[in-house]
Amino acid sequence: MKVKTACPIDCYDGCSVLVSVDERGHITMEGNPDHPITKGTLCNRGRQLAVRRDSPQRILHPLKRIGDRFVQISWEQAIAEIGQALQKTLDSVGNHGVLHIFDWGSGGVLKNLNQRFFYGLGGCTETVGSLCWDAGLEAQTYDFGRADSHSPDDMANSANAVVVWGRNVANTNVHMMPYIKQAQQRGAKLVVISTLEQDLGRRADRCIYPRPGSDGILALGILRICRDHGWIDKAFIDQFSVGWDELSQELDAYSVDLVASLTDVSPDDIHWLADLYGNQGPVATLLGLGMQRYSRGGNTVRAIDALAAATGQIGVPGGGVNYAQRQVGRFFDEESIMGRKSADVRTFERTTQAAEILAADPPIRIAFVTRTNPAVQVPDSQTFRKAFASIGCKVVIDTFLTKTAELADYVLPCTNVLEEEDVTYTTMWHPYVSYIRPVVPPKGEAKPDWQIFRDLAGEIGRAEIMAGTVDEWLDAALAPFGKAAIDELRETGFIRLPIEDVPWARRVFLTPSGKFEFSSEWAKRDGHSPVARCLPEGADVESHVEYPYALLTTHPRKMQNSQRDTERNLDTPTVEVPQSIAEQKGLAEGALARVFNDRASVVARIVIRPGGHAGTLRLEAGWYGQGMTTNDFTTASKADFGSQSAQYECRCNIESITG
Ligand SMILES: Nc1nc2c(c(=O)[nH]1)N[C@H]1C(S)=C(S)[C@@H](COP(=O)(O)OP(=O)(O)OC[C@H]3O[C@@H](n4cnc5c(=O)[nH]c(N)nc54)[C@H](O)[C@@H]3O)O[C@H]1N2
Ligand SMILES: Nc1nc2c(c(=O)[nH]1)N[C@H]1C(S)=C(S)[C@@H](COP(=O)(O)OP(=O)(O)OC[C@H]3O[C@@H](n4cnc5c(=O)[nH]c(N)nc54)[C@H](O)[C@@H]3O)O[C@H]1N2
Ligand SMILES: [Mo]
């Protein structure tokens, strides 16, 4: 029999999954053919969840560090000792001496109960901000009031052109592919604007490879041409926007020659894109997260928003700057199960947490890590590892002995998604919510996160914090849906939220003016240029002599971030090198090279790429080995908006290893 459940991975696709278990207990996962998005296919990362459930490397018992090794201990001992260390910190340093490091390693709504424990204590120090997408979210909030997307069907049925801008659809958002194909079969053009060559490029009418971080300049350059030719939507600008004149003045600085020289995009491509946006709409722009992980990432997204808005792509079927689907959040009341409001919380930014841990006053005495592997994923991971190691008591809850867990004093085994009940959704793309059904019993002594925190609360005499049942919590979290939501979800496995296919169709925006804001009041309030501003300012123009190449550490093709297939030997990573650099440096396909900068050095196997920006190399993010991680190369620098890391802004060099 096949059981319907869902994939909780932090991803665009949020798949509905069918699971079967044979007589020998072997688990198989496949996509649910009845789900409108998943349509019967599941990517390798989803299928790996079954492999990870039964992997011999999975942690099945609580572990305690003794010297330089881990020994198995009982849950009773683990909870008693951790409870003691926690109480001691609360008594001596206070709540801010307790650090909770968390991220979205699982999207289950009940995972918010982890935070509930710390808020229930009265507060803690916790990580906030994003290594992922915050600058873009903030940018779209300035422009539209919220980051909303068109439904995939709308794009498939109505777009005249699809521009995939900095999103690696074929790898990171595979269930978008059929919709793109459908649009193409109707005759829609496909354009891929990506610094690195992408598989999707083979299907595209045109591929454009801008210099890393330069897309805002490109977008404003295109918009200037549209303005100069009168290829703009005057009616939209006059009735439904504010600040066009201010932005228009800014555009005067973006001549085609300057834009071409700063983006490495040819004048012909810039004119071609201007004609596309200006004359061939509706254009659906699918924005990825790649181009906003730079120091001007937020302004970059604002520039692309402005291009789309001024050329009439907003609020029309087949248009939109599709970055996220934040409307989904309206249907969940996470606060009801978290209770953050009344807590006294000190915050450390995810990007800069290492420095903040080292400088903390009051100091951090105990740390808990849930749903994340920061020792690999945080930019400048070497400093993170040092900072984390300096904390007196470190507790990591995970299913594997990750690089972060290796540094811990206690490692506690949590359940895999196939062993627990929850509800999951994505705010990255589509409007479906899915039910996570327990399929197999917890392996070994694994427990759901919330049970671990319930035990800990009981241990320190604060059982009331985690009192409640899964049913009560799900009801509370899903209350905005209506009372019967959870029953319906249990029955059907997934439901579509009542979100319109075309956002902003009424041209009423959630900004202070109620209009689309080319010049944003909120941006001004936050100390930014009111209009998108993307040209480099003096100090940015570096000579880059020692490290002449950009290093992009983008998401791995087959893994979810650092969640590695357990059996593959990955000690030597792959470095993707454009043809021109390979020729210049005498690098041969399949040979070894050293990739290095002033922070790190790795021996990698060369793959030569015919496409992509000519000065940019790629290593996969999530990789670790040779005593380091990909993020040893990156710095904890920040993007301009929100609290977003700028880890794609990174330089390197490469040399052949001979002999
Ligand atoms: N297979 C797989 N899928 C995943 C994940 C995974 O780890 N593996 N992770 C999930 C998560 S957490 C996220 S956030 C999403 C991320 O999804 P994406 O945004 O698609 O992923 P990225 O790897 O960040 O990069 C996307 C593309 O941005 C391009 N890029 C980088 N810099 C620039 C630039 O300056 N300009 C332009 N035009 N392009 C640029 C790169 O060429 C790359 O192809 O994927 C999710 N899906
Ligand atoms: N250089 C570089 N750095 C990056 C990125 C990049 O593209 N380049 N991408 C950034 C992005 S977009 C993101 S989102 C972050 C992701 O960073 P992380 O969230 O740290 O990513 P993962 O490697 O997926 O780690 C998630 C961990 O949570 C565990 N886990 C899964 N489910 C549960 C659960 O239910 N409970 C508990 N307790 N643990 C669970 C998994 O086993 C895994 O070890 O990385 C960022 N870092
Ligand atoms: Mo992410």
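Keep in mind that what you see is a predicted model, and the values were worked out from it rather than measured. (Residues numbered from 1 in each chain as written. Chains lettered and ligands numbered in written order. Predicted model: local features only at pLDDT ≥ 70, side-chain atom pairs only at ≥ 80, totals over all residues. Heavy atoms only, no water.)

Enquirer: Explain the site of ligand 1 to me, please; I cannot follow it from the model alone.
Expert: Lining the immediate surroundings of ligand 1 are 36 residues, of which Thr172, Gly213, Asp215, Arg293 and Tyr648 lie closest. The backbone of Gly166 places a nitrogen or oxygen atom 3.1 Å from an oxygen atom of ligand 1. Protein contact buries 99% of the 910 Å² of open area that ligand 1 shows by itself. Split by residue class, the shell around ligand 1 holds 16 nonpolar, 14 polar and six charged. (Near = heavy atom within 4 Å. Polar contact = N/O pair within 3.5 Å; in protein donor to acceptor, adjacent residues only side chain to side chain. Areas by Shrake-Rupley, 256 points an atom, 1.4 Å probe, with all protein chains shown as cover. Nonpolar A, V, L, I, M, F, W, Y, C, P; charged D, E, K, R; others polar.)

Enquirer: I keep staring at the sheet that holds strand S8 (residues 161–165) and nothing clicks. Help me out?
Expert: Neighbouring strands of a sheet are bound in pairs by backbone hydrogen bonds; such pairs are parallel or else antiparallel. Pairing is parallel in the open sheet, where five strands are placed in the order S10-S9-S8-S12-S13. Two strands bound the open sheet, and with one partner strand each, they are strand S10 (206–208) and strand S13 (321–322). Bridging between S8 and strand S12 (residues 283–287) involves five bridges; their strand directions are parallel. Across the sheet, residue Val163 finds its bridge partner in S12, namely Thr285. Along the sheet face, helix H12 (residues 267–279) touches S8, strand S9 (189–193), S10 and S12 and points at about 135 degrees away from the line of S9. (Pairing = 2+ DSSP bridges. Helix = DSSP H or I, 4+ residues; strand = E, 2+ residues; numbered from the N terminus. Contact = heavy atoms within 4.5 Å. Axes fitted to C-alpha atoms, helices over the stretch in contact; angles between N-to-C directions.)

Enquirer: Is there a simple way to think about the pattern of salt bridges in this case?
Expert: Oppositely charged side chains can pair when the atoms bearing their charge come close. Inspection of the entire model under this criterion finds 40 salt bridges. A salt bridge links Lys64 to Glu81, with the shortest nitrogen-to-oxygen separation between them at 2.9 Å. Of this pair, Lys64 sits in strand S4 (residues 63–66) while Glu81 sits in helix H2 (residues 75–92), and the two are 17 residues apart along the sequence. Of the charged contacts in the structure, one is a salt bridge between Arg206 and Asp269, with a shortest N-O distance of 2.6 Å. Linking Arg206 in strand S10 with Asp269 in helix H12, this pair joins segments that are 63 residues apart in sequence. Accessibility expressed as a relative area gives 16% for Asp269, which makes it buried. (Salt bridge = Lys/Arg side-chain N within 4 Å of Asp/Glu carboxyl O. Buried < 20%, exposed > 50% of the residue type's maximum accessible area, 1.4 Å probe, protein only.)

Enquirer: Explain the nonpolar core to me, please; I cannot follow it from the model alone.
Expert: Soluble globular proteins tend to pack their nonpolar side chains together in the buried interior. Counting 89 residues, the largest nonpolar core has Trp165 and Leu223 as the members making the most contacts within it. When residues are assigned to domains, this core turns out to be shared by domain 2 (63–130 + 358–496) and domain 3 (135–323), each giving three or more. Counting residues in hydrophobic clusters, the runner-up holds 51 residues, among them Val395, Ala457, Ile460 and Ile499. (Core = buried A, V, L, I, M, F, W, Y, C linked by side-chain atoms within 4.5 Å. Domains from an automatic or database assignment.)

Enquirer: Explain helix H3 (residues 113–120) to me, please; I cannot follow it from the model alone.
Expert: Helical geometry: 3.6 residues make up each α-helical turn, so side chains three or four residues apart lie on a common side. For H3, the tally of buried residues reaches seven of eight residues, placing the bulk of the element in the interior. Regarding H3, the residues found buried are Leu113, Asn114, Gln115, Arg116, Phe117, Phe118 and Tyr119. Following H3 by one or two positions, Gly122 adopts a phi angle in the positive range, close to 115 degrees.

Enquirer: Looking at this structure, how should I read helix H19 (residues 470–477)?
Expert: For H19, the full list of buried residues reads Val470, Trp473, Leu474 and Ala477. For H19, the angular spread of the buried residues around the axis is 95 degrees, confining them to a single face. Of the surrounding elements, those touching the buried residues of H19 are H3, helix H14 (334–338), strand S18 (422–425), helix H18 (449–459) and helix H20 (485–492). (Arc of directions from axis to C-beta.)

Enquirer: What should I look at first to understand the site of ligand 2 in this one?
Expert: With respect to spatial proximity, 30 residues lie near ligand 2, and among them Thr372, Asp398, Thr553, Ser562 and Asn631 are the closest. One of the backbone nitrogen or oxygen atoms of Thr553 is found 2.7 Å away from a nitrogen atom of ligand 2. Taking Gln563, its side chain carries an N or O atom lying 2.8 Å from an oxygen atom of ligand 2. Split into classes, the residues belonging to the shell around ligand 2 amount to six nonpolar, 16 polar and eight charged. Residues lining the shell around ligand 2 come from more than one domain, with at least three contributed by each of domain 2 (63–130 + 358–496) and domain 4 (539–656).

Enquirer: Can you walk me through the environment of Arg651 in this structure?
Expert: Along the chain, Arg651 turns up in strand S29 (residues 651–656). Overall, Arg651 belongs to the partly exposed group, its relative accessible area being 27%. Contact partners of Arg651, with chain neighbours within four places excluded, come to His544, Tyr547, Pro548, Tyr549, Ala550, Leu551 and Asn597. Of the polar contacts made by the side chain of Arg651, one reaches the backbone oxygen of Pro548; its length is 2.7 Å.

Enquirer: What am I meant to see in unusual backbone geometry here?
Expert: What is expected of a backbone is that most residues other than glycine have negative phi and most peptide bonds are trans. That bond from Gly281 to Pro282 is cis: its omega, 0 degrees, falls within 30 degrees of zero. Residue placement: Pro282 occurs in the loop between H12 and S12. The omega torsion of the bond from Asp361 to Pro362 falls at 0 degrees, within 30 degrees of zero and hence cis. Of note, the phi angle at Arg371 is positive, near 60 degrees, even though the residue is not glycine. Note on placement: Arg371 falls in the loop between strand S15 (366–370) and helix H16 (374–377).

Enquirer: Even after reading the chapter, I still don't get the packing of helix H11 (residues 256–263) against H12, so can you show me in this structure?
Expert: The angle between the axes and the distance between the axes are what describe a pair of packed helices. Two numbers describe how H11 lies on H12: the axes approach to 9 Å, and their chain directions differ by 110 degrees. Here H12 runs roughly perpendicular to H11, going by the angle between their axes. Taken as a pair, H11 and H12 cross one another with a handedness that is right-handed. Residues Val256, Val259 and Ala260 of H11 pack against Pro267, Ile270 and His271 of H12. Residues that form the contact of H11 with H12 fall into these classes: five nonpolar, one polar and no charged. (Parallel < 35°, antiparallel > 145°, perpendicular 65-115°, else oblique. Left-handed = near helix turned anticlockwise from the far one by under 90°.)

Enquirer: Before we go on, may I ask you to explain the domain arrangement of the protein chain in this structure?
Expert: How big an interface is tends to be stated in terms of accessible area lost as the parts join. Domains assigned within the protein chain are domain 1 (2–53), domain 2 (63–130 + 358–496), domain 3 (135–323) and domain 4 (539–656). In this structure, domain 2 and domain 3 have C-alpha centres spaced 38 Å apart.

Enquirer: So what exactly am I meant to see when it comes to the environment of Thr41 here?
Expert: Of note, Thr41 is situated in the loop between strand S3 (27–31) and helix H1 (44–53). Overall, the relative accessible area of 46% leaves Thr41 in the partly exposed class. Note: C-alpha distance between Thr41 and Val174 (133 residues apart in sequence) is 9.2 Å. Apart from the residues lying within four places of it in its own chain, the contact partners of Thr41 are Gly31 and His175.

Enquirer: How do you make sense of empty space enclosed by the protein when you look at a structure like this?
Expert: One pass over the full model with this rule turns up seven cavities of 30 Å³ or more. The calculated volume of the largest cavity comes to roughly 90 Å³. Every residue along the wall of the largest cavity is listed here: Cys7, Ile9, Cys11, Asp13, Gly14, Cys15, Leu42, Cys43, Arg45, Gly46, Val174 and His175. Within the lining of the largest cavity, the residues separate by chemical class into seven nonpolar, three polar and two charged. (1 Å grid on protein atoms, 1.4 Å probe; cavity = no way out; pocket = protein on both sides within 12 Å on 5 of 7 lines; lining within 4 Å. Points joined across faces, edges and corners; volume = space filled by probe spheres on them.)

Enquirer: Teacher, can you tell me more about a negative patch on the surface here?
Expert: There is a patch of like negative charges on the surface, built from Glu472, Asp475, Asp487, Glu488 and Glu491. When contributions to the negative patch are tallied by element, the ones reaching two or more residues are H19 and H20. Element by element, the count of residues in the negative patch is highest for H20, at three residues. Following the sequence through the fold, Glu491 ends up in helix H20. The class of Glu491 is exposed, set by a relative accessible area of 67%. (Patch = residues over 30% accessible without salt bridge, like charges linked within 9 Å, V, L, I, M, F, W, Y side chains within 5 Å. Lys, Arg positive; Asp, Glu negative; His and termini not counted. Charge placed at Lys NZ, Arg CZ, Asp CG, Glu CD.)

Enquirer: How should I be thinking about the pairing of S18 in this particular structure?
Expert: Successive side chains on a regular strand alternate, one facing one side of the sheet and the next facing the other. Side chains Asp422 and Thr424 project from S18 onto one buried face, and the interleaved Val423 and Tyr425 project onto a second face that is buried too. Pairing between S18 and strand S19 (residues 432–436): four bridges, direction antiparallel. Bridge assignment links Val423 to a residue of S19, and that residue is Tyr435. The hairpin turn running from S18 into S19, its antiparallel successor, is six residues long.

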